[in-house]
Amino acid sequence: MLADLTAGAVEDARTRSVERPPAAVEEAAASQPPARDAVAALAPADRVKIIAEVKRASPSRGDLASIPDPAAQARLYELGGASAISVLTEGRRFKGSLADLEAVRAAVALPVLRKDFIATEYQVLEARASGADIVLLIAAALEQDVLARLHALTLDLGMTPLVETHSADEVERAADVGARLIGVNARDLSTFALDRDLFGRLAERIPADAVKIAESAVLSPEDVAHYRAAGADVVLIGEALVTGDPVATLEAFLAAGAGAADRRDTK
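Scope of this entry: the structure provided in the associated data block. (Residues numbered from 1 in each chain as written. Predicted model: local features only at pLDDT ≥ 70, side-chain atom pairs only at ≥ 80, totals over all residues. Heavy atoms only, no water.)

1. Quick notes on the packing of aromatic side chains
Overall, the coordinates contain 2 aromatic pairs when judged by the stated rule. Note on phenylalanine 94 and phenylalanine 117: the rings are 5.9 Å apart at their centroids and 35° apart in plane angle, and the pair reads as tilted. Of the two residues, phenylalanine 94 sits in the loop between strand 4 (84–88) and helix 5 (98–107) while phenylalanine 117 sits in the loop between strand 5 (112–115) and helix 6 (121–129), which places them 23 residues apart along the sequence. Pair check on accessibility: phenylalanine 94 and phenylalanine 117 agree, each one buried. Considering the side-chain rings of phenylalanine 199 and tyrosine 227, the 5.9 Å spacing of their centres and the 80° angle between planes classify their relative orientation as edge-to-face. With phenylalanine 199 in helix 9 (residues 198–202) and tyrosine 227 in helix 10 (residues 221–229), this pair connects stretches of sequence that are 28 residues apart. With relative accessibility at 1%, the residue phenylalanine 199 sits in the buried group. (Phe/Tyr/Trp six-rings, centres within 6.5 Å; stacked < 30°, edge-to-face > 60°. Helix = DSSP H or I, 4+ residues; strand = E, 2+ residues; numbered from the N terminus. Buried < 20%, exposed > 50% of the residue type's maximum accessible area, 1.4 Å probe, protein only.)

Written out as structure tokens, the structure reads:
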């Protein structure tokens, strides 16, 4: 599944590159205002932080929400206390687009993440040209030399890479390229199976100077508390926010994370 999703995203980017050549995208990227400091926005604090996701669909769950106005959705996330916004830009299975990213960027002051299956320099340039501050790099989808090259390009463009992992080996690979944002995805993107306890097993392997981000398997405040107690600085949440009241859900999740902080500190 991960290989298919990545291949499709790369093919779609190749199609876009015919209409918008790399030189034009590079020029558009250079004309953007400086990217926002995502490491500072997501840095460890005395409360959990949340990356709230604009997500219409997924391969595992199908259609989730129509989200006709991504900018309005993002403004609700900002109002509810999110620290950053994630925007799915993959079009085949997640029904997102770069237009969604651009609309969100124009609507909020928070750092914005381009979440996609990125495997080429062109896709990284597209992210900056569309106003992204953070770029998702999935370790399982990339050979180490490609991960290192895309990580370096993301930094060169002023953005912050979020390296997503799903194993101890992938956490080590993220650390080896110097990732400051390291995510642990509870969903295995090859099988789509969920393991909410995976983050807790891998958290201590994440370098002390990196922000620890828990991804997936978040449907209730208890899930946020579980991740916070296991050491998460940040939790990335999508489905629960697009299928309910975004502001009320965010407030409940943030409160649950605050309640779990003491349990985490007493470990």
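2. Describing the pairing of strand 8 (residues 181–185)
With 5 of its 5 residues buried, strand 8 lies for the most part within the structure. Taking every second residue as pointing to the same face, both faces of strand 8 are buried, with Leu181, Gly183 and Asn185 on one and Ile182 and Val184 on the other. Alignment of strand 7 (residues 160–165) against strand 8, held across 4 bridges, turns out to be parallel. If you follow valine 163 over to strand 8, its bridge partner there is isoleucine 182. (Pairing = 2+ DSSP bridges.)

3. Considerations on the side chain of glutamine 73
Relative to the helices and strands, glutamine 73 is located in helix 4 (residues 70–80). Those residues in contact with glutamine 73, other than ones at most four positions away along the chain, are Val54, Ile67, Leu241, Val242 and Pro246. (Contact = heavy atoms within 4.5 Å.)

4. Regarding the environment of proline 33
Positionally, proline 33 belongs in the loop between helix 2 (22–30) and helix 3 (38–42). A C-alpha to C-alpha distance of 22 Å links proline 33 and isoleucine 51, two positions 18 residues apart in sequence.

5. Overview of helix 2
If you check which residues of helix 2 are buried, you get Val25, Ala28 and Ala29. Seen end-on, helix 2 carries its buried residues on one side only, within an arc spanning 100°. Turned more than 90 degrees away from the buried face of helix 2, the exposed residues are Ala23, Glu27 and Ala30. Looking at the buried positions of helix 2, the neighbouring elements they touch are helix 6. (Arc of directions from axis to C-beta.)

6. Describing the environment of arginine 93
Tracing the sequence through the fold places arginine 93 in the loop between strand 4 and helix 5. The class for arginine 93 is partly exposed, based on a relative accessible area of 36%. The spacing of arginine 93 and alanine 152 is 59 residues in sequence and 28 Å in space, taken between C-alpha atoms.

7. Quick look at the packing of helix 1 (residues 2–19) against helix 6
Closest axis-to-axis distance for the helix 1/helix 6 pair is 10 Å, and the angle between their directions is 70°. The angle between the axes of helix 1 and helix 6 places the two elements in the roughly perpendicular class. The hand of the helix 1/helix 6 crossing is left-handed. Touching Ala9, Val10, Ala13, Arg16 and Ser17 of helix 1 are Tyr122, Gln123 and Glu126, all from helix 6. (Axes fitted to C-alpha atoms, helices over the stretch in contact; angles between N-to-C directions. Parallel < 35°, antiparallel > 145°, perpendicular 65-115°, else oblique. Left-handed = near helix turned anticlockwise from the far one by under 90°.)

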